[in-house]
Amino acid sequence: MSSPPGETRAEQPPLVSLVLQSKKALQHGEQLCSKANALTNASAQCAVDVLALDAKVKWVGEAVIEQLKLAASVAKSIELRRSQLERRIREWDTIRSQHTTALDNILEALGTQVVPPDFHQTSSDSSLFGSQDSIGKPNGISDPRLSPSATIRDDQISHKTRQNVDRTKWKTLRDFVDEAAIEDVLDAVESERTRLDDIVASTYHYPETLSNAVASIRDSLPIGGAYPPINPILSIQEHTTIDMAKHLESLTAHYEQMASALHDSETGEVFSEEDLREMIRDTDELPAIMSELEDSVKEVDTAHEKLLTAKAAAKGKLDASSSILDDLDELGEIMSDMLEKQQDVEEDCEDVLEGLQQRLQVVEELHHRYVLYQSSFNKLLVEIARRRQYREAAEKIVEGMVEQLRAMTEEECRVRDNFNVEHGTHIPADLCLCIENPPTRWDVVPLPGDVRETLPQIDSDLLAQAREKLSTGDVIFPGTDSL
């Protein structure tokens, strides 16, 4: 670095200024590198935090998803249990419809079957205690009008007078049915059935409510991993800090070189013009190096900001996940209440269904009772007809006996009269006084205490219908295929 002999020391550029610029540049470079290093370390920690937060978000999300699956299964379970309950109710409704239809059918059948007035209209002839005309007759002799022949004549007259009767005014079998009691039974069934609907409807919205809550929580779940790529960011920072380290080494070397030149100059060494120009040129490059360092710091800081943003986003997702966990806890309590309520509803429905089944048994018993009522009435008509045949046969026999006794009495009177005429004058009057007595007259009457039987009049077509129904088995019993 020796200078030409003609150049004096006073003409050399101020090395002190160059050294100060180098030192200042070195110090600034150290600050920039120190800042970049701090940002890099912070970025590394921030990257770790992002990964940790993201892992927590994913873990919470997976746990929430599992709980949501459980909640969805609970919703399906409640819906299935409700479906089973509703199916049982529909089955009961089907049975109810069968029983009520059967009851309506038998009632309609009763309403179409007329009852002859003699079966329910009271008269002296149809009194349960019989005719009172025979009471007080001397010697227990019945009224001649109630003799067998008179009874037959009365039946014929009655039959003739009823040929033109208007049956639309007759009562039917249904008129003797307690309609109010039937209505009370059916009203009680309908009331209990409405109560059953109200109980079932109390949990109607449960499956949909749970499904909507599950869908809402699932939609609010944050999406994990939606962050800028961390490895490229850290790689950029690493390359940038390496370049900055190289620049810092250059600044250090330049400062040491300039400090050494200043020291040599102070000891009397004189530098050549070329050496000075080289030192000035190197010093003039310092601003460009400093600009690159500042740009590098900005790049490191930008990368750090990205990681900070990612960390804040991950923290926000984790906070949102925590809020979702609170919602999930609340959903769990709601599910517990729903399951408990559904259990209560099923138990209440079981009780109501059991009561309804018992009421259906009453409806079934009513149907059975009225079926037997109709059948027994038809058999009653046949039985009355049979009794009428018996009575007529007995009266015919009695009538024949009476006619025979009358004929015998008349013949006996004629024979006795002839005997008395031929021989009575020859027999003393005080001898055998009974010879002049007429024969005993006889009559056939009921036993003491009995009355002559009076039966209701039955038209032949009604009797034929009754016999037809009994012969064809036109009777509906509960539980048959006709239901």
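Here is what the cut-offs are and how they apply
Residues numbered from 1 in each chain as written. Predicted model: local features only at pLDDT ≥ 70, side-chain atom pairs only at ≥ 80, totals over all residues. Heavy atoms only, no water. Helix = DSSP H or I, 4+ residues; strand = E, 2+ residues; numbered from the N terminus. Buried < 20%, exposed > 50% of the residue type's maximum accessible area, 1.4 Å probe, protein only. Contact = heavy atoms within 4.5 Å. Areas by Shrake-Rupley, 256 points an atom, 1.4 Å probe, with all protein chains shown as cover. Patch = residues over 30% accessible without salt bridge, like charges linked within 9 Å, V, L, I, M, F, W, Y side chains within 5 Å. Salt bridge = Lys/Arg side-chain N within 4 Å of Asp/Glu carboxyl O. Lys, Arg positive; Asp, Glu negative; His and termini not counted. Charge placed at Lys NZ, Arg CZ, Asp CG, Glu CD. Axes fitted to C-alpha atoms, helices over the stretch in contact; angles between N-to-C directions. Parallel < 35°, antiparallel > 145°, perpendicular 65-115°, else oblique. Left-handed = near helix turned anticlockwise from the far one by under 90°. Expected span 1.5 Å × (residues − 1). Arc of directions from axis to C-beta. Phe/Tyr/Trp six-rings, centres within 6.5 Å; stacked < 30°, edge-to-face > 60°. Disulfide = S-S within 2.5 Å. Core = buried A, V, L, I, M, F, W, Y, C linked by side-chain atoms within 4.5 Å.

Chemist: Can you tell me about the overall build of the protein chain, naming the residues and giving the values?
Modeler: Scanning the protein chain for helices and strands turns up eight helices and zero strands. Each helix and strand of the protein chain, placed in order from N terminus to C terminus, yields the pattern α-α-α-α-α-α-α-α. A burial count over the protein chain gives 31% of its 483 residues as buried. Taking all contacts inside the protein chain whose residues are at least 6 apart in sequence as the whole, residues at least 24 apart take part in 95%. Here the protein chain has roughly 29800 Å² of accessible surface; of this, 53% comes from carbon and sulfur atoms.

Chemist: Tell me about the environment of Val-297, and please be specific about residues and values.
Modeler: Locating Val-297 in the fold gives a position in helix α7 (residues 286-423). Here the alpha-carbon distance between Val-297 and Gln-237, two residues 60 residues apart in the chain, equals 9.2 Å. Leaving out residues up to four positions away in the same chain, Val-297 has contacts with Leu-32, Lys-35, Ala-36, Leu-39 and Met-244.

Chemist: Any chance you could break down a negative patch on the surface for me, citing the residues and the numbers?
Modeler: Negative charge collects at one region of the surface, where Asp-326, Asp-327, Asp-329, Glu-330, Glu-333, Asp-337, Glu-340, Asp-344, Glu-347, Asp-348, Asp-351 and Glu-354 lie side by side. Assignment of secondary structure puts Glu-354 in helix α7.

Chemist: Describe the pattern of salt bridges, listing the residues and the values that go with them.
Modeler: A complete count under the given rule lists 20 salt bridges for this structure. Its salt-bridge partner being Lys-315, residue Asp-319 comes within 3.0 Å of it at the nearest N-O pair. Highlighted residues: Asp-319 and Lys-315, both in helix α7, separated by four residues, approximately one helical turn. The class for Asp-319 is partly exposed, based on a relative accessible area of 40%. Among the salt bridges present, the one from Glu-412 reaches Arg-416, with a minimum N-O distance of 2.7 Å. Here the residue Glu-412 and the residue Arg-416 both occupy positions in helix α7, the gap between them amounting to four residues, near one helical turn. For Arg-416, a relative accessible area of 29% gives the class partly exposed.

Chemist: Pulling in residues and values, what's your account of the packing of α7 against helix α8 (residues 460-472)?
Modeler: It is at 9 Å that the axes of α7 and α8 come closest, and there the two elements cross at 125°. As far as their axial angle goes, α8 and α7 are oblique. At the point where α7 passes α8, the crossing takes the left-handed sense. For the pair formed by α7 and α8, the contact residues are Gln-374, Ser-375, Asn-378, Lys-379, Leu-381, Val-382 and Ala-385 on the first element and Leu-462, Leu-463, Ala-466, Arg-467, Lys-469 and Leu-470 on the second.

Chemist: Requested: an account of α8, with residues and values cited.
Modeler: Taking 1.5 Å of rise per residue, the 13 residues of α8 would be expected to cover 18 Å, and the 18 Å separating its terminal C-alpha atoms lies within 8% of that figure. What α8 keeps buried is the set Leu-462, Leu-463 and Ala-466. The arc that holds the buried residues of α8, viewed along the axis, is 100°, so those residues lie on one side. Exposed and oriented more than 90 degrees from the buried face of α8 are Ser-460, Ser-471 and Thr-472. Buried-residue contacts for α8 involve α7. Of the residues one or two after α8, Gly-473 is the one with positive phi, at around 65°.

Chemist: Describe unusual backbone geometry, listing the residues and the values that go with them.
Modeler: Phi is positive for Cys-432, which is not a glycine, with a value near 55°. One can find Cys-432 in the loop between α7 and α8.

Chemist: Any chance you could break down helix α3 (residues 179-201) for me, citing the residues and the numbers?
Modeler: Here α3 is 23 residues long and its end C-alpha atoms lie 33 Å apart, about the 33 Å a rise of 1.5 Å per residue gives. Listing the buried residues of α3 in full gives Ile-182, Val-185, Ala-188, Val-189, Arg-193, Leu-196, Ile-199 and Val-200.

Chemist: An account of the packing of aromatic side chains is needed here, citing residue identities and associated values.
Modeler: Summed over the entire model, instances satisfying the criterion amount to two aromatic pairs. Ring geometry for Tyr-370 versus Tyr-373: centroids 6.5 Å apart, planes at 65°, classification edge-to-face. Linking Tyr-370 with Tyr-373, this pair stays in helix α7, spanning three residues, or about one helical turn. Residue classification places Tyr-373 among the partly exposed positions, given a relative accessible area of 25%.

Chemist: Hey, could you go over the state of the cysteines for me, with residue numbers and the actual values?
Modeler: Under the counting rule described, the total for this entry stands at zero disulfides. Residue Cys-434 stays outside any disulfide, its sulfur separated by 3.7 Å from that of Cys-432, the closest cysteine.

Chemist: Just give me the short version of the nonpolar core, but keep the residues and values in it.
Modeler: Generally speaking, nonpolar side chains in soluble globular proteins are found buried as a group. One finds Leu-103 and Tyr-370 to be the most contacted residues of the largest nonpolar core, which totals 37 residues. Mapped by element, the contributors of at least two residues to this core are α1 (15-112), α3, α7 and α8. Ignoring anything within four residues of it in the chain, the contact list for Tyr-370 reads Leu-103, Ile-106, Leu-107, Leu-110, Val-177, Asp-178 and Ile-182. Counting residues in hydrophobic clusters, the runner-up holds 17 residues, among them Val-60, Val-64, Leu-331 and Met-335.

By themselves these figures say nothing about function.
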